[in-house]
Amino acid sequence: MSNGQGGPQSQWDPWKPQSQQPQQQPQQPWSGGDEGTPDWAALADASETRGKRRKLLFIGGGALATVAIGAAVALAVVSANGHDDASGHPTKVPSASLPDGSPTAPSFAPTSAPPPLDPKVFISSAKKDTAPLSPATLFPGARLTMGSTVYKKGATGDTTSCAAAVGGSLPKILAADGCTRVMRATYTNGDIAVTVGVAVFDTEAQATKARQQTDDHSIVRALPGKGVAAFCDGATCRSTRNAYGRYAYFTLAGFTNGKNVTTKDTAVFRAGDDVAEFTFQQIHRRGQAQASAAANR
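Okay, so let's go over this structure. (Residues numbered from 1 in each chain as written. Predicted model: local features only at pLDDT ≥ 70, side-chain atom pairs only at ≥ 80, totals over all residues. Heavy atoms only, no water.)

1. A word on the overall build of the protein
Test applied: Numbered from the N terminus, helices here are DSSP runs of H or I no shorter than four residues, and strands are runs of E no shorter than two.
Scanning the protein for helices and strands turns up six helices and eight strands. Counted from the first residue to the last, the protein has its helices and strands arranged as α-α-α-β-β-β-α-β-β-α-β-β-β-α.

2. Section: the nonpolar core
Heads up, the condition is: Residue types Ala, Val, Leu, Ile, Met, Phe, Trp, Tyr and Cys, when buried and joined through side-chain atoms within 4.5 Å, form a set referred to as a nonpolar core. A 1.4 Å probe rolled over the protein chains alone gives each residue an accessible area, and that area as a share of the maximum for its type sets the label: buried under 20%, exposed over 50%, partly exposed in between. Should any heavy atoms of two residues lie within 4.5 Å, those residues are considered in contact.
If you look at the biggest cluster of nonpolar residues, it comprises 27 residues, and the most contacted ones within it are Phe139, Leu144, Tyr187, Tyr247 and Ile283. Mapped by element, the contributors of at least two residues to this core are strand 1 (143-146), strand 4 (181-189), strand 5 (192-200), strand 8 (247-255) and helix 6 (266-295). For this core, the leading source of residues is helix 6, giving six residues. Not counting chain neighbours up to four residues away, the residues in contact with Tyr187 comprise Phe139, Leu144, Tyr151, Lys152, Lys153, Ile192, Ala193, Val194, Val275 and Phe278. Ranked by size, the runner-up nonpolar core spans 20 residues in total, among them Leu170, Val182, Ala193 and Ala248.

3. A word on the pattern of salt bridges
The following threshold applies: Salt bridge, as applied in this entry: a Lys or Arg side-chain nitrogen positioned within 4 Å of an Asp or Glu carboxyl oxygen.
Within the structure shown, the criterion is met by seven salt bridges. When the shortest N-O distance is used, the salt bridge between Lys209 and Asp177 registers 4.0 Å. With Lys209 in helix 5 (residues 204-213) and Asp177 in helix 4 (residues 170-177), this pair connects stretches of sequence that are 32 residues apart. Assessed through its relative accessible area of 44%, Lys209 is described here as partly exposed. According to the relative accessible area criterion, Asp177 is buried, its value standing at 6%.

4. Here's the deal with the sheet that holds strand 1
Condition: The criterion for strand pairing is that DSSP finds at least two bridges linking the strands in question. Note on geometry: axes are lines fitted to C-alpha atoms, helical ones only across the stretch in contact, with angles between N-to-C directions running from 0 to 180 degrees.
The strand order across the open sheet formed by six strands is 1-2-4-5-8-7, and the pairing between neighbours is antiparallel. Of all the strands in the sheet, the pair left with one neighbour each is strand 1 and strand 7 (238-244). On average, each strand axis in the sheet is tilted by 25° relative to the strand beside it, whichever way the strands run. Two elements, strand 5 and strand 8, share nine bridges in a ladder whose sense is antiparallel. If you follow Thr195 over to strand 8, its bridge partner there is Leu252. Contacts from helix 5 reach strand 7 and strand 8 within the one sheet, and its direction differs from that of strand 7 by about 155°.

5. A closer look at the pairing of strand 8
Taking burial as the measure, the nine residues of strand 8 include nine buried ones, the bulk of the element. Of the two faces of strand 8, the one lined by Tyr247, Tyr249, Thr251, Ala253 and Phe255 and the one lined by Ala248, Phe250, Leu252 and Gly254 are each fully buried. Looking at chain direction, strand 7 and strand 8 are connected through seven bridges and run antiparallel. Paired with Ala243 across the bridge in strand 8 is Ala248.

6. What to know about the packing of aromatic side chains
In plain terms, the rule: In this scheme Phe, Tyr and Trp rings, the latter by its six-membered ring, pair at centre separations within 6.5 Å, and the angle between planes marks the pair as stacked below 30 degrees, edge-to-face above 60, and tilted otherwise. Placement of a positive charge over a ring is assigned whenever Lys NZ or Arg CZ falls within 6 Å of the ring centre and within 35 degrees of the normal to the ring plane.
The final tally for this structure, using the stated rule, is two aromatic pairs. Between the aromatic rings of Tyr187 and Phe278, the centroid separation amounts to 6.3 Å while the plane-to-plane angle is 75°, which identifies the pairing as edge-to-face. Highlighted residues: Tyr187 in strand 4 and Phe278 in helix 6, separated in sequence by 91 residues. For the pair formed by Tyr187 and Phe278, the shared burial category is buried. The ring of Phe255 carries Lys259 above its face, with NZ or CZ at 5.1 Å from the centroid.

7. Notes on the state of the cysteines
What counts here: The definition used for a disulfide is geometric: two cysteine sulfur atoms within 2.5 Å.
Taken as a whole and judged by the stated rule, the model has two disulfides. Disulfide pairing is shown between Cys162 and Cys179; the S-S distance is 2.2 Å. With the S-S dihedral at roughly -85°, the linkage between Cys162 and Cys179 falls on the left-handed side. Residue Cys162 is found in the loop between strand 2 (149-159) and strand 3 (166-168), and its partner Cys179 is found in the loop between helix 4 and strand 4; the two are separated by 17 residues along the sequence.

Structure, rendered in structure tokens:
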């Protein structure tokens, strides 16, 4: 039986020319219109449209991924800068305090090296000036060189009779001020001879007083011998007077040929000054040696 329609209901087949669509449907892109053949142009357009859509989605997704990666790198750089503190600002670190009883740096009381000992202290009194003393220690060697001038050492002398080694007004001065000893030595250069005499006292005050009481007639006696002829015996000679520590020292310079010394004889003046300077240095060295020995005890 049927419902008034002849034969079975046909099914629509787009590939069969006699097939009909049961009801009106919107035209699809593959429909060929009245002929029932596919619309190849529409299908191509639809495929191209879907391809473009997929391409846009792919490009858009790639751009988003690039932005996301760039943001991650930027965050990493900012974070690194913050840890490295490239700007120079100190990072915030929680403060901490040492527990009670923590060790602290040791403290030391300020100290200073003792001042060096003064050499003059040791040559200013007999109590401190105890090193061996003789013409050999005071006038060592066979020659004396001062600058470019060389002086040959002649005779030396040592006596506790101070008045016997000096002349003029000096014997009385030495005796009054407590002289205990006079040591002498003679040096020559050519026809010039110089005798130096060192008067020894117990204290610096005595030596200073004796020096202050001297005058132009306070002289040491010339000491000839050991190849040196008599000099300054009746002839005019040049003399000097000095004191250092507990020592007063005097020089007498002249010609070995008996010639008088005048102000023009600068070589004689220089010879007397050289020997006087050497004597001062020897007395000072004596004080230095004793000061050094005391410091090392």
